[in-house]
Amino acid sequence: MSGRKETALDLAKFVDKGVQVKLTGGRQVSGTLKGYDQLLNLVLDEAIEFLRDPDDPLKTTDQTRRLGLIVCRGTAVMLVSPTDGTDEIANPFIQPEGA
């Protein structure tokens, strides 16, 4: 067994590609991954933040704001996913009205 640590998340394949990042506190940003480090600090270019619904802070709205070049602190990163190849689907666990 080698002394080299294996990371659970290999972000090298996402560099210079679009990613969506969910942060603690409910914030969600999307942008081009330009760099990262072993602490999961992320550098995103052309970043866009999805604004939250004032009535329900857990939901994001269609409103966005441009942030430009940002650094996401690794301790706040909860989820990193590629923007290509992902589509939003309806929640299969929600019961239809009147059922």
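Residues numbered from 1 in each chain as written. Predicted model: local features only at pLDDT ≥ 70, side-chain atom pairs only at ≥ 80, totals over all residues. Heavy atoms only, no water.

## Quick look at the pattern of salt bridges
Working step 1: Counted by the stated rule, this structure contains 3 salt bridges.
Working step 2: As a salt-bridge pair, K34 and D16 come within 3.1 Å of each other at their nearest N and O atoms. One end of the pair, K34, is in strand β2 (residues 28–36); the other, D16, is in the segment before β1 (18–23), with 18 residues separating them in the sequence.
Working step 3: Assessed through its relative accessible area of 51%, D16 is described here as exposed.
Working step 4: Salt bridges linked by common partners bring R27, E49 and R65 together as one network. (Salt bridge = Lys/Arg side-chain N within 4 Å of Asp/Glu carboxyl O. Helix = DSSP H or I, 4+ residues; strand = E, 2+ residues; numbered from the N terminus. Buried < 20%, exposed > 50% of the residue type's maximum accessible area, 1.4 Å probe, protein only.)

## Section: the pairing of β1
Working step 1: Side-chain alternation along β1 places V19, V21 and L23 on a buried face and G18, Q20 and K22 on a face that remains uncovered.
Working step 2: In this sheet, β2 lies alongside β1 in antiparallel orientation, the contact comprising 5 bridges. For K22, the partnering residue across the bridge sits in β2 and is Q28.
Working step 3: The turn linking β1 back onto β2 is made up of 4 residues, and G25 within it adopts a positive phi angle of 90 degrees. (Pairing = 2+ DSSP bridges.)

## Considering the sheet that holds strand β5 (residues 77–82)
For sheets, the rule is that strands pair by backbone hydrogen bonds, running either parallel or antiparallel.
Working step 1: Spatially, β4-β3-β2-β1-β5 is the arrangement adopted by the 5 strands of the open sheet, whose pairing is antiparallel. Each edge of the sheet is formed by a strand with only one pairing partner; in this case those strands are β4 (60–72) and β5. Shown here is a sheet whose adjacent strand axes are inclined to one another by a mean of 30 degrees, direction ignored. (Axes fitted to C-alpha atoms, helices over the stretch in contact; angles between N-to-C directions.)

## Remarks on the side chain of S81
Working step 1: Among the structural elements, S81 can be located in strand β5.
Working step 2: In this structure S81 touches G18, V19 and Q20, once residues within four positions along its chain are discounted. (Contact = heavy atoms within 4.5 Å.)

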